[in-house]
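Descriptive structure summary
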Amino acid sequence: MNALSQIETDRVKALLNARFGLDGKTLSSGNLEQALRQRSAVTKADNIKAYLERLSGDEAELQNFVEELLVPETWFFRDVLPFECLRQYVCEDWRPRTNNKKLRVLSVPCSTGEEPYSIAMTLMDQGLDASRLHIDGVDLSRSGLAKAAEGIYGKTAFRGESHQFERILQRFLEQKYDRFSVKSEIRNMVHFRHANLAAADFLANEAAYDVIFCRNVLIYFHVRAREIALVNLHRLLAPGGLLYVGHVEAAIIAEGSFSSLDSFPFAFRPIDGDNSQRSNRISKKTKVVAPRPADYSYRQTIETRDTTSIKTIKPTEPVASAAGESDEELLRSAREAANSGRLEEAENICTNVLAKFPVNADAFCLLGLISRARDDISSAEKHFQKALYLDPQHHESLVHMMLIAQQCGDRPAEANYRRRAEQAIPAGGDS
């Protein structure tokens, strides 16, 4: 099979855009070609043209193709903070204001099931039994859902400290050789289903949820798909409910019909308002440049920054490592390390970049994100401020400074950073 032409690449991206809401800018040509080669071989297509013809008219094959791009990278209790937030919400908020009500929780995307099962385990630890729980796990990948329903995992699905794994193993798992099966009482609490968050009819007939986990998927959607997804999330979140998103998506959520919790900056509550008001607010969303998320990633390297919206100062010659990597390549590696939980490695890469080129606003911004992941707000603020000193229009840093101000209750500063972030968006930046 010959290399993809630009026309063929654009054709495939258009299909993924129209059917799944994926932003073509997050899809690299190399990995599209890899997925095309794999599916072309499986379907015994004569050539690329023949396979593309089939892809355009065969819904089932289009689903198979997108699953070649979807590579789940997740594990049980990934990040401690979301589950601590869930525990606190149930104990201090939901329980006191409900009377024998069933707690409804949505995990989207749920990938291969580790997140919704972790949710079920957390809630069982708080004394809730199956009769008071309804947990839905929703994903675009049918193969991922099949594995989730099976509930059998290898050791790589458990990456916490050993004592935490031992506790999970003793209470919630059954071990057979090197495989671990989620006990039936936990599996039976979670209902898995196939659906697309960016579809207008997403879970249209479902009652509202008290808690929604929606981590690291919005950044892959094009603008219109993201608007639809946000309307869906608002519709499905009960009044007083909790929406938990990925660290890099907080900026998207904060500019819409949600307000963040002071104690958990990546947890949000819905702002009341009718659908038209929400749509008007959501239509102002902009692309938020972000590190590559790890718990639901695509095979290809994600180009995380839209260079048309960034005015970061660049060196005359890109900084290169001994291996010949430029500063942009190094920072891409740092983002990947950070989102895989290797914060120290990511920090070291950023430090090395800044040692060679001390006026890289992107590096300071990434250091700020790493500090936020560590809950070190003071250091995060300093790093974001350095990025803004170098580039006063650095949109991502402005948005995160807005979130920090909101978390600290500094409303004037929050309004100032919000205004500056809006002004930093270039014309046409949302297209």
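The text that follows walks through the structure, step by step, so that each part is easy to find. What you see is a predicted model, and the numbers here were worked out from it, not measured in a lab.

Here we take up the overall build of the protein chain. The number of helices and strands found in the protein chain is 18 helices and twelve strands. Burial analysis of the protein chain (431 residues in total) assigns 56% to the buried set. Restricting the contact set of the protein chain to residue pairs at least 6 apart, pairs at least 24 apart contribute 73%. Put simply, the protein chain shows about 18,600 Å² of open surface, and 48% of that area lies on carbon and sulfur atoms.

Strand order in the open sheet formed by three strands is β4-β6-β5, and the pairing between neighbours is antiparallel. Looking at which strands have only one partner, the edges of the open sheet turn out to be β4 (152–153) and β5 (173–176). This element, helix α8 (residues 162–172), spans β5 and β6 (179–182) of the sheet and lies at about 95° to β5.

The omega angle of the peptide bond from V108 to P109 is -5°, so this bond is cis rather than trans. Turning to its location among the elements, P109 is positioned in the loop between β2 (103–107) and α6 (114–125). Positive phi is not limited to glycine here, since K44 has a value of about 60°. Looking at where K44 falls in the secondary structure, it is placed in the loop between α2 (29–43) and α3 (48–57). Since its relative accessible area comes to 68%, K44 is described here as exposed. Backbone geometry places Y177, a non-glycine residue, at a positive phi of 60°. Within the secondary structure, Y177 is located in the loop between β5 and β6.

Turning to the packing of helix α16 (residues 377–390) against helix α17 (residues 395–408), a few remarks are in order. Interaxial distance between α16 and α17 falls to 9 Å at its minimum, and their mutual angle equals 145°. Crossing of α16 against α17: the hand is left-handed. In this structure, α16 contributes I377, A380, E381, F384, Q385, A387 and L388 to the contact, and α17 contributes S397, L398, H400, M401, I404 and Q407.

Turning next to α8. Within the span of α8, buried status applies to F165, I168, L169 and F172. Across the axial projection of α8, the buried residues extend over an arc of 110°, all falling on one side.

Nonpolar side chains in soluble globular proteins generally cluster together in the buried interior. Membership of the largest hydrophobic core comes to 123 residues, with the highest contact counts inside it found for L16, F65, L197, I212 and L243. When residues of this core are assigned to their parent elements, the largest contribution, eight residues, is made by helix α15 (residues 361–373). In this structure, L243 is in contact with I212, C214, L233, L237, I253, F258, F266, A267 and F268, ignoring residues within four places of it in sequence.

This part covers the packing of α3 against helix α4 (residues 59–69). Remark: α3 packs on α4, axes separated minimally by 6 Å, with the N-to-C direction vectors making an angle of 110°. When the axis of α3 is compared with that of α4, the two are roughly perpendicular. Here Y51, R54, L55 and G57 of α3 come into contact with α4, specifically with E59, E61, L62 and F65. Along the lines of polarity and charge, the residues of the contact of α3 with α4 split into four nonpolar, one polar and three charged.

We now examine the pairing of β2. Of all five residues that make up β2, five are buried, and the element is covered over most of its length. Along β2, one buried face is formed by L103, V105 and S107 and the opposite face, lined by R104 and L106, is buried too. As judged from the five bridges shared by β2 and strand β3 (residues 133–139), these two strands associate in the parallel manner. Opposite R104, over in β3, you have H134 as the bridge partner. One crossover worth recording links β2 to the parallel β3 by way of α6, and it is right-handed. As defined by bridge partners, β2 adjoins strand β8 (residues 209–214) across three bridges and the pair is classed as parallel. When the bridges of β8 are listed, S107 appears paired with F213.

Thresholds applied
- Residues numbered from 1 in each chain as written.
- Predicted model: local features only at pLDDT ≥ 70, side-chain atom pairs only at ≥ 80, totals over all residues.
- Heavy atoms only, no water.
- Helix = DSSP H or I, 4+ residues; strand = E, 2+ residues; numbered from the N terminus.
- Buried < 20%, exposed > 50% of the residue type's maximum accessible area, 1.4 Å probe, protein only.
- Contact = heavy atoms within 4.5 Å.
- Areas by Shrake-Rupley, 256 points an atom, 1.4 Å probe, with all protein chains shown as cover.
- Pairing = 2+ DSSP bridges.
- Axes fitted to C-alpha atoms, helices over the stretch in contact; angles between N-to-C directions.
- Left-handed = near helix turned anticlockwise from the far one by under 90°.
- Arc of directions from axis to C-beta.
- Core = buried A, V, L, I, M, F, W, Y, C linked by side-chain atoms within 4.5 Å.
- Parallel < 35°, antiparallel > 145°, perpendicular 65-115°, else oblique.
- Nonpolar A, V, L, I, M, F, W, Y, C, P; charged D, E, K, R; others polar.
- Right-handed = clockwise from strand over helix to strand, strands pointing away.

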